[in-house]
2 protein chains.
Amino acid sequence: MSFKDTVQRKFEVLQNEICDGLEKLDGKSYFKEDRWKREGGGGGRTRVIQDGDLIEKGGVNFSAVHGSLPESVKNSLEVKVNDFFACGVSIVLHPNSPHVPIIHMNVRYFELGNGNYWFGGGIDLTPHYVDTELARDFHSKLKSTCDRYSSQFYPRFKVWADNYFFNHHRNETRGVGGIFYDKLDDSKSGLTKEELLDFSIDVGQTFVPAYEVQSKNRIFPCTEQERQWQLIRRGRYVEFNLVYDRGTKFGLETSGRVESILMSLPKEASWLYDYKPKSEKERTTLDLLRKEVDWL
Amino acid sequence: MSFKDTVQRKFEVLQNEICDGLEKLDGKSYFKEDRWKREGGGGGRTRVIQDGDLIEKGGVNFSAVHGSLPESVKNSLEVKVNDFFACGVSIVLHPNSPHVPIIHMNVRYFELGNGNYWFGGGIDLTPHYVDTELARDFHSKLKSTCDRYSSQFYPRFKVWADNYFFNHHRNETRGVGGIFYDKLDDSKSGLTKEELLDFSIDVGQTFVPAYEVQSKNRIFPCTEQERQWQLIRRGRYVEFNLVYDRGTKFGLETSGRVESILMSLPKEASWLYDYKPKSEKERTTLDLLRKEVDWL
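Cut-off values and rules
Residues numbered from 1 in each chain as written. Chains lettered and ligands numbered in written order. Predicted model: local features only at pLDDT ≥ 70, side-chain atom pairs only at ≥ 80, totals over all residues. Helix = DSSP H or I, 4+ residues; strand = E, 2+ residues; numbered from the N terminus. Rg over C-alpha atoms; globule rule 2.2 N^0.38 Å. Buried ≥ 20, exposed ≤ 12 C-beta atoms within 10 Å, placed from the backbone. Contact = placed C-beta atoms within 7 Å. Nonpolar A, V, L, I, M, F, W, Y, C, P; charged D, E, K, R; others polar. Pairing = 2+ DSSP bridges. Expected span 1.5 Å × (residues − 1). Bend = angle between axes of the 7 residues up to and from the residue. Least-squares fit on C-alpha atoms with pLDDT ≥ 70 in both. Axes fitted to C-alpha atoms, helices over the stretch in contact; angles between N-to-C directions.

> Sorry if this is basic, but what is going on with the overall build of chain A here?
Looking only at helices and strands, one finds 10 helices and 10 strands in chain A. Compactness check: chain A gives a C-alpha radius of gyration of 19 Å against a globular reference of 19 Å for 296 residues, within 12% of the reference. Within chain A, buried positions represent 46% of all 296 residues. Put simply, of all contacts in chain A between residues at least 6 apart along the chain, 69% involve residues at least 24 apart.

Structure representation (structure tokens):
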């Protein structure tokens, strides 16, 4: 079995595990699967869950695509080779409750026709209201996972996430961050290809237990004002995904399956002109949406 | 008075006229004005109307900014000069009723430190349900305005709008189009600078009478399904503005006032995974969201 095939198989298993775990956690709704093929080569399994007990709308997507890179993508990746293979698992969950954070995860493997390869990925958390205890739990789980592979991973990837998940035009982070890494190969990590694959799978397996803790406040009631605030924070999430997110751009430019790419957008979102925080909780949250917070 | 000052004064008057006309048309709400200054030079008057009888959320913005261009903007405009002056009036209205279209208008003047200048602008209509009679009325008004200046304007600018107001990833137009033009100077139009300014003002003055006709179906009731469809169409509008709109990109990259730029986003929008049209009216609309429809 080629390494590409191994990655593909392990990522498919990861998608299955995560979907099973999330269905258990949700307790009401189930994922609906759409299998699709990409014209230029490859395809995927899009799995979407809607109107659950915990999750209002969420997707856990697997895709493995190959073919030739459009010029624009070659330029932005700074590569000259045409042929590519890209395989990944990508998740965004928008919960019903404003007391539960939005969460995102992605692990991906990229290989060029000339044999060059890299891994990328990350997990980040976007609470509607920042809870420093929950942020600490999230970051400590990510640090444990990273530390099993390299003591340099968490500190590097935490800063990377701060810089990546950033709404420049708002001068605010998308949430409390997490980890982000890209173009990781043996030369840049000190790990073998196989160990980097293990690391990616391990990041993926951190997802469900981490979100289980994050969703503990799902039982609390929600006022109208809290729902309004949630919809405004979701608006910021839409801004990030459509203006900055590289995965979204890559997907749209390589004629990916639009509905699979944009499953990351919430069922409902809102924009109010020049909204000012209406409560202490809202103000505290805005104060904490900045880089370089040490959540541990 | 320099030409820049003349443009600025006339655009300010245009903003006043349009706001007066829209308040009369709305009959309930009034514009709230925020004056702002830009750190790098200039400023604007943002005027937002919310929760009206006709308009759920809308903005009519005036701005006149100057300073030095960021490198990224110089590259995308293909200019090498640093100093710029940009002045414009920009409108987006999201009505309450799904039976009334979203509408956008923009007229702008751009001048570089070396004396080079151009006008740009456009009006386009985004009905939630396409009504071919109303689309015809809209296009015929725009054609009349254009024809007073050049018989070539409407045919050129109509095609330009089809190509510009296009959601590439969806392979659908944003709405029924209208007119769009950019980098228009004496050499490219056969008109003098002063005549081009007159044309811009005339485009602006076409706005209120055109929208008055478009809003005639405001009195009809709205079902839950029609509201849902409206929110989905608004989602597409958000996609266009954040992914493709040059004015939005220019504004965000030149550190414009974020709340003024993003006033174009609706109070509420929705994304449902892989939504399929649920009625004949929805299907007909999707069929008509394409380029090269002759609405006249």
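> Hey, could you run me through the interface of chain A and chain B in this one?
Where interface size is given, it is often the accessible area lost as the parts come together that is meant. In this assembly, 24 residues from chain A lie in contact with 24 residues from chain B. For the side of chain A that touches chain B, the secondary-structure elements that each account for two or more residues are β2 (42–50), α7 (224–243), α9 (258–261) and β10 (268–270) of chain A. Here the side of chain A that touches chain B gets 4 residues from one element, more than from any other, and that element is α7(A). When its residues are assigned to classes, the side of chain A that touches chain B shows 14 nonpolar, 3 polar and 7 charged. Examined bridge by bridge, β10(A) and strand β10 (residues 268–270) of chain B share 3 bridges and lie antiparallel to one another. Opposite Glu268(A), over in β10(B), you have Ser270(B) as the bridge partner.

> Is there a simple way to think about helix α6 (residues 193–214) of chain B in this case?
Each turn of an α-helix holds 3.6 residues, which means side chains three or four residues apart point in the same direction. All names here are of chain B. In a regular helix each residue adds 1.5 Å, so 22 residues correspond to 32 Å; α6 covers 32 Å between its end C-alpha atoms and thus fits that length. Its maximal kink placed at Phe207, α6 deviates by approximately 25 degrees, while the proline Pro209 follows within four residues. Looking at α6, one finds that the buried residues are Leu196, Phe199, Ser200, Val203, Gly204, Thr206, Phe207, Ala210, Tyr211 and Gln214.

> Can you help me understand the relation of the copies chain A and chain B in this one?
Between the two copies of the chain lies a relationship made up of a rotation around an axis and a movement along it. Overlaying chain A on chain B yields an RMSD of 0.0 Å, the required transformation being a rotation through 180 degrees with an accompanying axial translation of 0.0 Å. The symmetry that links the two subunits is that of a two-fold axis. Interface overlap between copies is the fraction of interface residues in one copy that are interface residues in the other; for chain A against chain B it reaches 100%, indicating a shared surface.

> Just checking my understanding: could you explain the sheet that holds strand β6 (residues 117–126) of chain B for this structure?
Hydrogen bonds between backbone atoms are what pair the strands of a sheet, whose relative direction is either parallel or antiparallel. Residues and elements named next belong to chain B. Spatial ordering of the open sheet is given by β1-β2-β3-β4-β5-β6-β9, a layout of 7 strands whose pairing is antiparallel. Single-partner strands in this sheet number two, and they are β1 (32–37) and β9 (177–184). On average, adjacent strands in this sheet sit at an angle of 10 degrees to one another, irrespective of strand direction. Of the pairings in the sheet, the one linking β6 to β9 comprises 6 bridges and is antiparallel in character. Along β9, the bridge assignment pairs Gly121 with Tyr181.

> Help me understand the environment of Lys183(B) in this model?
Residues and elements named next belong to chain B. Mapping Lys183 onto the fold places it in strand β9. Spatially, the C-alpha atom of Lys183 lies 5.6 Å from that of Phe119, the residues being 64 residues apart in sequence. If we ignore the near neighbours within four places in the chain, the residues touching Lys183 are Trp118, Gly120 and Lys188.

> Mind showing me how you'd approach the sheet that holds strand β1 (residues 32–37) of chain A here?
All names here are of chain A. Ordered in space as β1-β2-β3-β4-β5-β6-β9, the 7 strands form an open sheet in which the pairing is antiparallel. Each end of this open sheet is capped by a strand with a single partner; those strands are β1 and β9 (177–184). Across the sheet, the mean angle from the axis of one strand to that of its neighbour is 10 degrees, orientation sign disregarded. Sheet topology places strand β3 (residues 55–68) next to strand β4 (residues 83–95); 13 bridges connect them, and they run antiparallel. Looking at β4, one finds that Lys57 is bridged to His94. The strands that helix α3 (residues 132–147) touches are β6 (117–126) and β9; relative to β9, the one it contacts most, it runs at about 30 degrees. Lying on the sheet, helix α6 (residues 193–214) is in contact with β4, β5 (102–112), β6 and β9; it crosses β6 at an angle near 10 degrees.

By themselves, these are just geometric observations and shouldn't be taken as functional.
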